[in-house]
Amino acid sequence: MSDEEFEHGHGNDAGGPPRIGAQLRASREARGLSLAQVSAETRITERHLELIEAGDFDALPGRTYAIGFAKNYARVVGMSQADTAQAVKNELAMEDPRPSRVIGEYDPIDPDRVPSSKVGLVSFIALILLLGGAYAFYATYFNPGAELESLTAAERRAAAEAAAEEDEGAAATASAPAPSGEVVFTALEEGIWVKFYDASGAQLMQKQMAEGETYSVPADANGPQVWTGRPDALAITIGGQSVPKLAEDDQVMKDIPVTAEALLARGESPAAPAAAATANE
């Protein structure tokens, strides 16, 4: 499938936001990752990854695998696994066919309106075929294990792990604990200048980051902070989960704490005014 066909067939719906497959693809390309690299990381075949990017979830072995594969994809490209799973569910719900058929009524009092035996036989065969098709659809939809033979062993394990996570997270509420772990900054453009330092002013890292380059804030750093003029071009993840950027436009930001706690607190309350660089800095 060419890029033009992909954009035409699976881009914005009536001017709305891109579908989840397009978002995953854009995030992968922004990180400079190929399908082969994502496949190696997730143990999902490139063919199935292409189906996910195209939004063709019906071509995957079943609902559970569509959700599980998409979550694993999202993990690798730094997108929210929970939001991705919900988006896939929404798209599956929108595409779930609900066929309805109007059956003509016959008045048994009027012989001319009673169907002939031939028509009755054809109707009976059609009914059997309809029931068989409905059974096959719902068996696949609610029992994805029915098509396990189309999956590799690695994909079965990956899907099983994702399904287990799905079951564990089903009872989670909005009060679920915030993400924690390694804080990673990723440059979204070429030549993004940034400086990281601790509370004493000791430099941790200073450079112009290349597009796609990452920097992990040392876990043992004492009060790590950041100084940059392009906070809008720095993506942030905590423990592999995306969190809001420091800002959505280019501005000088200095002495901004970058511990997991401080970054999460920024997302829960209005950001403090950025510290402007003085002329002699």
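Definitions and cut-offs
Residues numbered from 1 in each chain as written. Predicted model: local features only at pLDDT ≥ 70, side-chain atom pairs only at ≥ 80, totals over all residues. Heavy atoms only, no water. Pairing = 2+ DSSP bridges. Helix = DSSP H or I, 4+ residues; strand = E, 2+ residues; numbered from the N terminus. Axes fitted to C-alpha atoms, helices over the stretch in contact; angles between N-to-C directions. Expected span 1.5 Å × (residues − 1). Buried < 20%, exposed > 50% of the residue type's maximum accessible area, 1.4 Å probe, protein only. Arc of directions from axis to C-beta. Polar contact = N/O pair within 3.5 Å; in protein donor to acceptor, adjacent residues only side chain to side chain. Salt bridge = Lys/Arg side-chain N within 4 Å of Asp/Glu carboxyl O.

1. Structural notes on the sheet that holds strand β1 (residues 183-187)
- Spatially, the 4 strands line up as an open sheet ordered β4-β1-β6-β7, and their pairing is antiparallel. Lying at the two open borders of the sheet, with one neighbouring strand each, are β4 (214-216) and β7 (241-243). The sheet shows a mean angle of 30° between the axes of neighbouring strands, taken without regard to direction.
- In the sheet, β1 pairs with β4 via 3 bridges, with the strands oriented antiparallel.

2. Digging into helix α6 (residues 81-95)
- Taking 1.5 Å as the rise per residue, α6 with 15 residues should run 21 Å; its terminal C-alpha atoms sit 21 Å apart, in good agreement.
- Within the span of α6, buried status applies to Thr84, Ala85, Ala87, Val88, Glu91 and Leu92. One side of α6 holds all its buried residues, which, seen down the axis, span an arc of 160°. In α6, those exposed residues whose orientation departs by more than 90 degrees from the buried face are Ala82, Asp83, Ala93 and Met94.
- The distance from a side-chain oxygen at the start of α6 to the backbone nitrogen of Asp83 is 3.2 Å, and the residue carrying that oxygen is Ser80.

3. Topic: the sheet that holds strand β2 (residues 192-197)
- Spatially, 4 strands are ordered β3-β2-β5-β8 in an open sheet, and the strand pairing comes out antiparallel. Since the sheet does not close on itself, it has two edges, and those belong to β3 (203-209) and β8 (253-257), each with one partner. Between one strand axis and the next, the sheet turns by 15° as a mean value, whatever way the strands run.
- Pairing of β2 with strand β5 (residues 225-228) involves 4 bridges; the strand directions are antiparallel. Each bridged residue has a counterpart across the sheet, and for Val194 the counterpart in β5 is Thr228.

4. Here we look at the pattern of salt bridges
- Going through the model one piece at a time under the given rule, you end up with 7 salt bridges.
- The residue Glu91 makes a salt bridge to Arg19 at a minimum N-O spacing of 3.2 Å. Taken together, the residues Glu91 in helix α6 and Arg19 in the loop between α1 (3-10) and α2 (20-30) connect sequence positions 72 residues apart. The same class applies to Glu91 as to Arg19, namely buried.
- Within this structure, Glu189, Arg230 and Asp232 form a network of salt bridges that share partners.

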